[in-house]
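# Examining the three-dimensional arrangement
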Amino acid sequence: MSLSRKHLESALSRQVDPWMGKDLLALTERMDIDGDLVSIQLALPYPFASCAGELRDLLVQTLTDAGAGRVAYDLILKVPRSKPTNNVESAPPIKNVIVVASGKGGVGKSTTAVNIALALAAEGARVGILDADIYGPSIPTMLGLFNQRPEIRNEAFVPLQAYGLQAMSIGFLIDDNNPVVWRGPKVTGALLQLFGQTAWQDLDYLVIDMPPGTGDIQLTLAQRIPVSGAVVVSTPQDIALLDAKKGIEMFRKVNIDVLGVVENMALHVCSNCGHTEAIFGEGGGERIAREYQTELLGQLPLNKSIREQADSGKPTVVAQPDGPLTAHYRHIARRIAVKLAQHEVVPTNRIGFFSPK
Ligand SMILES: Nc1ncnc2c1ncn2[C@@H]1O[C@H](COP(=O)(O)OP(=O)(O)OP(=O)(O)O)[C@@H](O)[C@H]1O
C-alpha cells in the first residue's frame, strides 16, 4: 500500500517543534514520497545545532509512526529578517540587529554580548559583533584581536574575523593610551558610521554591545539603528536592577522590543567546596522580567573561568564548547533567536539603505 501524503501531513501538523511551538508541517519546505521512503526537508527559523538530534528524532518518529518505512531528512537554517520594532529601515546585509545593553557599567554586558554572539554562531548562524562601547571597548581583547586595524575597501571598513564572527569595534580605531573624551554628538556620529560603513557580509544576526547607561548617546543610537530587539544585562543587586529598569524604559520609549533580561553574576560557586551563595541577592532578574512583562532569558554564575577566558581572548563559548556555562549561553542565544523569529517578517520593499548622517 502506498503512503498517503495527506496522512503524513496530518501527522506532521500534530507535532510541534519544542522551541518555536510551530507544527512540523508549517516548517516543511519539501516532502517527496517514493514507495516507503519519505524524503523531507525542514527549514528552521532559528539556529539549531545543539538540538538537531532532538528535532531529527521527533521528525523520524512522527513519519515512522505515520507509516514511513524509511526517512531521509534534511534540516536547514533559514533565519527570517525581522521588522525593526523602532521603525528604522532594515539594513540589507543584516537580517536582525540585537542590542545588548545595561543601565550600569561593569555588570558583564560585553562578556555576555560576545558569548551570546559566539553561541549564535556555534548554533549555525552567520553572526557579527559591533562593539559600540566607546568608554571601554573590550571586544578586541575578548576576541584576541589585539592591536589590529580594519582594512578600508570601497570606503567601508572590512570587519575583522574571529572564531567565525565578523567583528568591528570602536577600539580598532582609537588609541589604547588615549581615553575618548568626545562629546555626545561626536560619539553617536562615530558609532552610526561604524554601523553603517562596515561591509557586513550577509548576517543573520548583528549583536551590538552598547555603551553602558541610558543617556542621550544610547537613546540616539536606539532611534537611528534598525533594532529588532534588545537584551538587558544586569547583576542581581538592587542598584543594578534599578538601572536595568531605566534601560528597559528607554527601549520602550523608542518602541524597541525588549527580548529579555540576562542576570549575570547571579550565584557564586566556591571553587574549593562547591558551596553556592547569592552574593548580590536573589530573584531580581525574575522580578523585573515579571514587572515589565518580558522574560528572564537566563542566569550566569559569577565564575572565575568566565573572566579568565574573556580576558585571555578566548571567551567561554569557544574555550569550553561543551561545558555547562556554554550550555547556558547557547540556551539564551536560542531563546533570543526564537523570539526574533516570532516577530513580524519585514516585506522586501521595506528594506532600505541605511545612511548615517
Ligand atoms: N559571570 C561572570 N563571572 C565572572 N566574571 C565576570 C562575569 N561576567 C563578567 N565578568 C568580568 O567582569 C568584568 C566586567 O565585565 P564586562 O567588561 O563584560 O562588563 P561591562 O558591563 O561590559 O562593563 P563596561 O560597561 O564597563 O564596559 C570583566 O573582567 C569580566 O571578565
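Residues numbered from 1 in each chain as written. Predicted model: local features only at pLDDT ≥ 70, side-chain atom pairs only at ≥ 80, totals over all residues.

Another point: the site of the ligand. Taken together, 21 residues surround the ligand, and among them Gly-108, Lys-109, Ser-110, Thr-111 and Arg-307 come closest. Elements with a contribution of two residues or more to the shell around the ligand: helix H3 (109–122) and helix H9 (304–311). When residues in the shell around the ligand are grouped by element, the largest group, four residues, is from H9. Residue composition of the shell around the ligand, grouped by class: seven nonpolar, 10 polar and four charged. (Near = placed C-beta within 6 Å. Helix = DSSP H or I, 4+ residues; strand = E, 2+ residues; numbered from the N terminus. Nonpolar A, V, L, I, M, F, W, Y, C, P; charged D, E, K, R; others polar.)

With that settled, the discussion passes to the sheet that holds strand E15 (residues 296–299). Read across the open sheet, the eight strands follow the order E8-E9-E5-E10-E4-E11-E12-E15; overall the sheet is mixed. Looking at which strands have only one partner, the edges of the open sheet turn out to be strand E8 (160–162) and E15. Strand-to-strand twist in this sheet, taken as the mean axis angle between neighbours without regard to direction, amounts to 25°. Bridge analysis of strand E5 (residues 127–131) against strand E9 (residues 165–169) gives four bridges, and the strand direction is parallel. (Pairing = 2+ DSSP bridges. Axes fitted to C-alpha atoms, helices over the stretch in contact; angles between N-to-C directions.)

What follows concerns the domain arrangement of the chain. Assigned domains of the chain: these are domain 1 (5–77) and domain 2 (97–347). The gap between the C-alpha centroids of domain 1 and domain 2 is 34 Å. With nine residues of domain 1 at the contact, the number on the domain 2 side is 10 residues. The residue inventory of the side of domain 1 that touches domain 2, partitioned by class, reads eight nonpolar, one polar and no charged. (Domains from an automatic or database assignment. Contact = placed C-beta atoms within 7 Å.)

Attention now moves to helix H2 (residues 52–65). Taking 1.5 Å per residue, 14 residues should reach 20 Å; H2 reaches 20 Å between its end C-alpha atoms and fits that length. Leu-59, Thr-62 and Leu-63 are the residues of H2 that are buried. For H2, the angular spread of the buried residues around the axis is 90°, confining them to a single face. Across H2 from its buried face, at more than 90 degrees, point the exposed residues Gly-53, Asp-57 and Asp-65. One or two residues past the end of H2 sits Gly-67, with phi positive at roughly 115°. (Expected span 1.5 Å × (residues − 1). Buried ≥ 20, exposed ≤ 12 C-beta atoms within 10 Å, placed from the backbone. Arc of directions from axis to C-beta.)

So, on to unusual backbone geometry. Look at Asp-202: it is not a glycine, yet its phi comes out positive at around 35°. Considering the arrangement of structural elements, one finds Asp-202 in the loop between helix H5 (184–196) and strand E10 (205–209). Exposure remark for Asp-202: the 11 C-beta atoms within 10 Å place this residue in the exposed category. Residue Gln-293 is not a glycine yet carries a positive backbone phi of 45°.

Quick look at H5 now. Taking 1.5 Å as the rise per residue, H5 with 13 residues should run 18 Å; its terminal C-alpha atoms sit 18 Å apart, in good agreement. As for H5, its buried residues are in contact with E5, E9 and helix H6 (216–224).

Turning our attention to the UniProt feature "binding site: ATP" (unreviewed entry) in the chain. Cross-referencing UniProt, the feature "binding site: ATP" (unreviewed entry) maps to Gly-103, Lys-104, Gly-105, Gly-106, Val-107, Gly-108, Lys-109 and Ser-110 in the present numbering. Turning to its location among the elements, Val-107 is positioned in the loop between strand E4 (97–101) and H3. Take Ser-110: it is sitting in helix H3. According to the C-beta neighbour criterion, Ser-110 is buried, with 26 such atoms within 10 Å. (UniProt positions renumbered as here; feature names shortened; annotations may be inferred.)

The three strands are arranged E1-E2-E3 in an open sheet whose pairing can be described as mixed. The two strands at the open ends of the sheet, each matched to only one other strand, are strand E1 (28–34) and strand E3 (70–77). Between one strand axis and the next, the sheet turns by 10° as a mean value, whatever way the strands run. Note that E1 and strand E2 (residues 37–44) share six bridges and pair antiparallel. Within E2, the position partnered with Ile-33 by the bridge is Val-38. In the packing of H2 onto the sheet, contacts are made with E2 and E3, and the angle to E3 comes to roughly 140°.

Within a regular strand, side chains alternate between the sheet's two faces. For E4, a buried count of five out of five residues is recorded, marking the element as mostly surrounded by other parts of the structure. Burial along E4 is two-sided: Val-97, Val-99 and Ala-101 and Ile-98 and Val-100, pointing in opposite directions, are all buried. When E4 meets E10, the two strands line up parallel, connected through four bridges. When the sheet's bridge partners are listed, Ile-98 is paired in E10 with Val-207.

On to the nonpolar core, then. Counting 95 residues, the largest nonpolar core has Val-100, Ile-116, Ala-117 and Val-207 as the members making the most contacts within it. When residues in this core are grouped by element, the largest group, nine residues, is from H3. Looking at which domains feed residues into this core, each of domain 1 (5–77) and domain 2 (97–347) supplies at least three. Contact partners of Ile-116, with chain neighbours within four places excluded, come to Val-100, Val-207, Tyr-329, Ile-332, Ala-333 and Ile-336. (Core = buried A, V, L, I, M, F, W, Y, C linked by C-beta atoms within 7 Å.)

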